[in-house]
Amino acid sequence: MDLSTEAGRREWQRRRKKGIGGSEAATLFNRPDRIVNKWQSRFSLYQSKVSDKDHDDDNPTLELGRWLEPVVRDMYVHKVGRVVTGGFTLIAHPDYDFMLANTDGRIAAVPEHDGEGVYEGKTQNVFVKHDWKQEVPLLYRVQLQHYLAVTGLSWGSFACFEVGAADWFHWGDEERNDKFIEALYDLEWTFWRDHVLAGVPPDPDGSVATTKALKLLHPNDNGRVIFLPPEAHGWLAERSEIAAQMKDLKKRQAEIDNKIRAAMGDNSYGALEDGGGIAYKTQTSNYGPELVLQVVEDLLGKEEANAVRAAVKPLRGTTRVLRVASEKTISAALAEQQEQEQDT
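In this text the structure is predicted, and so the values were computed from the model without any measurement.

Draft legend 1. Local environment of the nonpolar core. In terms of nonpolar packing, the biggest core is built from 32 residues, with Ile20, Met99, Val118, Trp132, Tyr140, Phe158 and Phe191 touching the most fellow members. Those elements that provide at least two residues to this core are α2 (22–27), α3 (42–50), α5 (138–151), β6 (155–163) and α6 (178–197). The dominant element in this core, judged by the number of residues it contributes, is α5, at 8 residues. Beyond its immediate stretch of four places on either side in the chain, Trp132 contacts Lys122, Gln124, Pro137, Tyr140, Phe158, Cys160 and His170.

Draft legend 2. Region of interest: the packing of aromatic side chains. Taken as a whole and assessed by the stated rule, the structure comprises 9 aromatic pairs. Ring geometry for Tyr76 versus Tyr119: centroids 5.1 Å apart, planes at 50°, classification tilted. Taken together, the positions of Tyr76 in helix α4 (residues 60–80) and Tyr119 in strand β5 (residues 117–125) put the pair 43 residues apart, joining distant regions of the chain. When its relative accessible area of 0% is taken as the criterion, Tyr76 is described as buried. Overall, the relative accessible area of 1% leaves Tyr119 in the buried class. For the ring pair Phe98 and Trp189, a centre distance of 5.4 Å and an interplane angle of 35° mean the geometry is tilted. Taken together, the residues span a long stretch of sequence, with Phe98 in the loop between β2 (91–92) and β3 (100–101) and Trp189 in helix α6 at a distance of 91 residues. Take Phe98: its relative accessible area is 3%, and that puts it in the buried class. Members of the aromatic cluster, connected to one another through ring pairs, are Tyr96, Phe98, Tyr185, Trp189 and Trp192.

Draft legend 3. Molecular detail of the packing of α3 against α6. Between α3 and α6, the least distance of the axes is 10 Å, while the angle of their chain directions is 65°. Crossing of α3 over α6 shows right-handed handedness. Of α6, the residues touching α3 (which contributes Arg42, Leu45, Tyr46, Lys49 and Val50) are Phe191, Trp192, His195 and Val196. Within the contact of α3 with α6, the residues separate by chemical class into 6 nonpolar, 1 polar and 2 charged.

Draft legend 4. Inspection of helix α8 (residues 232–264) at higher detail. In this model, α8 (33 residues) spans 47 Å end to end at C-alpha, consistent with the 48 Å of a helix rising 1.5 Å per residue. Of the residues one or two after α8, Gly265 is the one with positive phi, at around 60°.

Calculation notes
Residues numbered from 1 in each chain as written. Predicted model: local features only at pLDDT ≥ 70, side-chain atom pairs only at ≥ 80, totals over all residues. Heavy atoms only, no water. Core = buried A, V, L, I, M, F, W, Y, C linked by side-chain atoms within 4.5 Å. Buried < 20%, exposed > 50% of the residue type's maximum accessible area, 1.4 Å probe, protein only. Helix = DSSP H or I, 4+ residues; strand = E, 2+ residues; numbered from the N terminus. Contact = heavy atoms within 4.5 Å. Phe/Tyr/Trp six-rings, centres within 6.5 Å; stacked < 30°, edge-to-face > 60°. Axes fitted to C-alpha atoms, helices over the stretch in contact; angles between N-to-C directions. Left-handed = near helix turned anticlockwise from the far one by under 90°. Nonpolar A, V, L, I, M, F, W, Y, C, P; charged D, E, K, R; others polar. Expected span 1.5 Å × (residues − 1).

Here's what the structure looks like:
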């Protein structure tokens, strides 16, 4: 299965719906105070298994990682001196068929470990604040233990290419942790049984991944009115309270910012006695679409500017916006809906 092609990734996504993969196992450890897998939430994981929508959580970072996979593997082979062959492609646990493994490679047996090992190659850019020399990120450690659980192997090894760094290659081994794997079995089975098999979505959280999943699931409104559950009164009241607090905080922040601007004058940096400080630098504004259209109108005339507007209008994307609606607005929409139902 060639994951560098669109067809290969489509087939891979179809097969992934049948179980939980390594990075998805790490998603189940996400908590409000500790995010293990920032690319996914429990809610978006559920939707990726049950929805007919394409919930591919792909992004430029993951795409770069796929392109660099053979490069990182060659680095590992050359620098560590081990033999790495092709990995496992979406194999299932012999007893728990909802646990899937798709590894980057398989390491030939070495004297310091028992039998073959799982190989995982990663990439990281210098702007990611994690020191691989101190510890492998928890996301990847959970992923590896999941793979060891599925494959039955006793150890694995990581390689990381840190793009743009002076010390750009890191590697390390990790042994199978049977106590952790037992807990992992329970966690994954509970999620699979209580949510995926039961058809019950987890409660939505405030993560970017959940927002993205909901927008993909319901991209457009239908103009109809739905009566919200009784607890929605509390949701809207709390939302209004938070909005008021944010307004006050933004006002206070603006006041503080102006105090700083006044204190700094024309200077670029403001230093504090403890060594910290703030920068107040001149930046070039981005060329927004309205500014570009205004330039077109000034140079070529209003007719040409309107032609450009008409040409780009079909290319503009749409998004649904959440706003508080007045009682008058709801009543009007409900009356229109009832009228349409009577006509049909």
